[in-house]
Amino acid sequence: MTGLTSLTAADVAHMEWARQLARRGWGHANPNPLVGCVIVGEDGVAAEGYHGVYGGPHAEIVALEEAKGRAERSTVYVTLEPCNHHGKTPPCAAALLEAGVRRVVFGARDPGADSGGGADRLRAAGVEVVGPVWSDREGRAENPAFFHAARHDSPFVALKLAMSLDGCIAARPGERTRVTGAEAEQEVHRLRTGYDAIMVGAGTVLTDDPLLTPRLGEAGRATPRRIVLDSDGSLPSDAKILRDRERAPVHVFTRDEVSEAALERLEAAGAHVHPVHRSEAGLALDEVMGACWDLGISSILCEGGGRVAASLLREGRVHRLYLFMAPTTFGAHGVRAFPDDAGSLVWDAFAPAFPPTLHGRDALLVLDRQEDL
């Protein structure tokens with residue numbers, strides 16, 4: 001946190017609880033940000049809330065409705081600057097003023113040109129406002145896709161890889177390999193619910209035949225779409241990924257020289273096919289990302305394989321890395337997570353977003369690309 005000199009130990013504790021509350025909205029609030037709120041009066045915590053579903057009441061409104069009259073003269077802790085515009089809901093800054101709060105402590109500044117400015121409105125009305133108390137990096141880590149969308153007209157891309165200790169993603173080429181355990185798999189399914197689409201390369205489909213839908217744990221607000229990068233249009237018509245297409249559409253990107261017969265076969269199998277130009281690495285990723293953005297896809301979780309991962313990293317298109325590390329090795333025959341020229345990838349651009357976590361025997365490292373806000 002920044003601004004610690006103006007915060008008490010109680011302030012820090014309440015802000016941390018607001019952060020934990022905010023995370024409960026994962027998979028339901030997107031593309032809106034995760035936001036948590038705690039209202040503290042003279043007698044202690046009066047109410048708490050979080051943004052539970054896209055289009056629903058914001059965290060401050062949930063907490064104010066629970067607090068009722070106890071919000072007057074209270075301190076409000078909220079992870080994101082209270083909004084100051086009429087969107088799907090009225091401005092939270094106005095609601096806090098109407099409730100008569102005395103003090104507001106917020107974590108990250110709202111990056112939106114329309115939604116920002118709540119802190120200034122509160123200060124102008126005589127409310128004591130402390131914030132942002134988080135650094136730009138800390139605030140962005142909680143809502144990276146939201147902050148990305150405020151600056152870019154392209155999808156936020158996260159890359160997930162499950163790797164052995166010797167840097168392999170499979171035991172042998174073409175061999176389906178379970179790298180991590182059940183607990184890590186459940187976490188991957190949870191992560192999927194927070195993204196608009198899941199992306200893989202054709203090699204992953206041919207080797208693993210994945211369904212790529214969230215099936216373990218709580219369902220999200222919407223089922224992510226599936227994206228396959230398939231230069232040659234070789235995706236099998238009976239691939240599992242082509243199931244459940246009405247609920248989770250499948251978008252296949254091929255190079256524009258692929259035969260008309262191959263395109264018609266994929267379309268007959270239920271895929272939405274998007275021919276794009278060829279690049280040195282395979283498909284023109286700028287065209288892929290542009291088409292995804294035009295389709296309303298603002299966040300993508302890429303789940304491999306190694307060639308796709310390296311291409312995305314080399315072109316600077318990965319904004320977050322989820323690296324699951326398994327306590328096992330595959331040896332000389334293992335399939336490396338990155339190709340032989342992986343030394344050209346710029347890893348210094350990434351830094352830890354959160355402390356490592358354990359999921360069973362496997363460790364998860366989350367790294368964010370460091371860029372100016």
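Above this text you will find the structure in question.
Residues numbered from 1 in each chain as written. Predicted model: local features only at pLDDT ≥ 70, side-chain atom pairs only at ≥ 80, totals over all residues. Heavy atoms only, no water.

S.K.: Is there a simple way to explain the overall build of the protein in this structure?
M.R.: Regarding its fold elements, the protein presents 11 helices and 19 strands. Taken over C-alpha atoms, the radius of gyration comes to 23 Å for the protein, in line with the 21 Å a tight globule of 373 residues would show. For the protein, the proportion of its 373 residues judged to be buried stands at 50%. When the accessible surface of the protein is summed, it comes to about 17,000 Å², and 50% of that surface belongs to carbon and sulfur atoms. Separation between the mean location of the 39 positive side-chain charges and that of the 51 negative ones in the protein comes to 3 Å. (Helix = DSSP H or I, 4+ residues; strand = E, 2+ residues; numbered from the N terminus. Rg over C-alpha atoms; globule rule 2.2 N^0.38 Å. Buried < 20%, exposed > 50% of the residue type's maximum accessible area, 1.4 Å probe, protein only. Areas by Shrake-Rupley, 256 points an atom, 1.4 Å probe, with all protein chains shown as cover. Lys, Arg positive; Asp, Glu negative; His and termini not counted. Charge placed at Lys NZ, Arg CZ, Asp CG, Glu CD.)

S.K.: How should the sheet that holds strand S5 (residues 128-130) be read in this particular structure?
M.R.: Whether parallel or antiparallel, the strands of a sheet pair through hydrogen bonds between backbone atoms. One open sheet accounts for five strands, arranged S2-S1-S3-S4-S5; its pairing is mixed. Because the sheet does not close on itself, it has two edges, and the strands there are strand S2 (44-50) and S5. Along the sheet, successive strands turn relative to each other by an average axial angle of 15°, direction set aside. In this sheet, S5 lies alongside strand S4 (residues 103-108) in parallel orientation, the contact comprising three bridges. Across the sheet, the residue bridging to Val104 is Val129, located in S5. This element, helix H2 (residues 59-67), spans strand S1 (36-41), S2 and strand S3 (75-80) of the sheet and lies at about 140° to S2. (Pairing = 2+ DSSP bridges. Axes fitted to C-alpha atoms, helices over the stretch in contact; angles between N-to-C directions. Contact = heavy atoms within 4.5 Å.)

S.K.: Any chance you could explain the pairing of S2 here in plain terms?
M.R.: Remark: a regular strand shows side chains that alternate across the two faces of the sheet. For S1 and S2, the ladder comprises six bridges, and the chain directions are antiparallel. Of the residues in S2, the one forming a bridge with Val38 is Glu48. Hairpin connection between S1 and S2: a loop of two residues separates the two successive antiparallel strands.

S.K.: Can you help me understand the packing of aromatic side chains in this one?
M.R.: The description of two aromatic rings rests on the distance between their centres and on the angle between their planes. What the rule picks out here adds up to three aromatic pairs. Centroid distance Phe146 to Phe147: 5.9 Å. Interplanar angle 90°. Geometry classified as edge-to-face. For the residue pair Phe146 and Phe147, the accessibility class agrees, reading buried in each case. Aromatic pair Trp347 and Phe350: ring centres 6.4 Å apart, planes at 45°, arrangement tilted. Its relative accessible area of 13% is what places Phe350 among the buried residues. It is Arg19 that lies over the ring of Trp134; its NZ or CZ is 4.5 Å from the centre. (Phe/Tyr/Trp six-rings, centres within 6.5 Å; stacked < 30°, edge-to-face > 60°. Lys NZ or Arg CZ within 6 Å of the ring centre and 35° of its normal.)

S.K.: Before we go on, may I ask you to explain the packing of H2 against helix H3 (residues 92-99) in this structure?
M.R.: How two helices sit against one another is set out by the angle between their axes and by the gap between those axes. One way to put it is that H2 packs onto H3 with a least axis distance of 9 Å and a crossing angle of 20°. As the angle between them shows, H2 and H3 are arranged roughly parallel. At the point where H2 passes H3, the crossing takes the left-handed sense. Taking contact as the criterion, the partners of Glu60, Ile61 and Leu64 in H2 are, on H3, Cys92, Ala95, Leu96 and Ala99. Of the residues contributing to the contact of H2 with H3, the split by class is six nonpolar, no polar and one charged. (Parallel < 35°, antiparallel > 145°, perpendicular 65-115°, else oblique. Left-handed = near helix turned anticlockwise from the far one by under 90°. Nonpolar A, V, L, I, M, F, W, Y, C, P; charged D, E, K, R; others polar.)

S.K.: In this structure, what is going on with empty space enclosed by the protein? I would like to understand it.
M.R.: By rolling a water-sized probe across the atoms, one finds the places where empty space is left. Going through the model one piece at a time under the given rule, you end up with three cavities of 30 Å³ or more. By volume, the largest cavity amounts to about 60 Å³. Going through the elements one at a time, helix H6 (144-149) and strand S19 (362-369) are the ones with two or more residues in the lining of the largest cavity. Considering only enclosed or pocket space, the second largest cavity measures out at about 50 Å³ in volume. (1 Å grid on protein atoms, 1.4 Å probe; cavity = no way out; pocket = protein on both sides within 12 Å on 5 of 7 lines; lining within 4 Å. Points joined across faces, edges and corners; volume = space filled by probe spheres on them.)

S.K.: Sorry if this is basic, but what is going on with the pattern of salt bridges here?
M.R.: When charged atoms on two side chains of opposite charge get close, those side chains can pair. The final tally for this structure, using the stated rule, is 18 salt bridges. Between Glu303 and Lys160 there is a salt bridge; the shortest N-O distance is 3.9 Å. In this pair, Glu303 is assigned in the loop between strand S14 (299-302) and helix H11 (306-314) and Lys160 in strand S6 (residues 156-164), connecting sequence segments 143 residues apart. Accessibility assignment for this pair places Glu303 and Lys160 in one class, buried. Through salt bridges with shared partners, a single ionic network connects Glu16, Arg19, Arg23, Glu138 and Glu142. (Salt bridge = Lys/Arg side-chain N within 4 Å of Asp/Glu carboxyl O.)

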